[in-house]
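Analysis of the macromolecular model
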Amino acid sequence: MTASISGERIVPVNLGSRSYDIVIDDGATSRAGSLLCHWLQLSNAQGLRILLIADAAVTELHGSTVQRSLEAAGAEVRAAV
């Protein structure tokens, strides 16, 4: 079952206390910073420290876009492949 926030498809992964959502939308990687702030109800990501973890293929395709978006929102970002 999916829900929608501002046109995105949201797929919930129900794992009890470890549940999370997957966002499916064109351009979501370039809006990662604003999406994160929306979900955390923050005006910006100042003070957040984020570790991006992905395999080499995903990092090559999307890593720099997601990292730039999170940094633009104010987060400190490190990546691990």
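The rules we used
Residues numbered from 1 in each chain as written. Predicted model: local features only at pLDDT ≥ 70, side-chain atom pairs only at ≥ 80, totals over all residues. Heavy atoms only, no water. Core = buried A, V, L, I, M, F, W, Y, C linked by side-chain atoms within 4.5 Å. Buried < 20%, exposed > 50% of the residue type's maximum accessible area, 1.4 Å probe, protein only. Helix = DSSP H or I, 4+ residues; strand = E, 2+ residues; numbered from the N terminus. Contact = heavy atoms within 4.5 Å. Axes fitted to C-alpha atoms, helices over the stretch in contact; angles between N-to-C directions. Parallel < 35°, antiparallel > 145°, perpendicular 65-115°, else oblique. Nonpolar A, V, L, I, M, F, W, Y, C, P; charged D, E, K, R; others polar.

1. Comments concerning the nonpolar core
Ranked by size, the top nonpolar core spans nine residues in total: A32, C37, A45, I50, V66, L70, A73, A75 and V77. Elements represented by at least two residues in this core include exactly helix 1 (32-40) and helix 2 (56-72). In contact with V66, other than residues within four places in its own chain, are T29, A32 and L52.

2. Thoughts on the packing of helix 1 against helix 2
Axis separation between helix 1 and helix 2 bottoms out at 6 Å; the angle between their running directions is 50°. As summarised for this structure, helix 1 and helix 2 are arranged oblique, according to the angle between their axes. Facing helix 1, whose interface residues are A32, G33 and L36, helix 2 presents V66, S69 and L70. Tallied by class, residues from the contact of helix 1 with helix 2 come to four nonpolar, two polar and no charged.

3. Some points on unusual backbone geometry
Outside of glycine, negative phi angles account for most residues, and trans bonds account for most peptide bonds. In the Ramachandran plot, Q41 falls in the positive-phi region, its phi being about 55° despite a non-glycine side chain. Its place among the elements puts Q41 in the loop between helix 1 and strand 4 (49-53). The class of Q41 is exposed, set by a relative accessible area of 72%.

These figures capture arrangement, not role.
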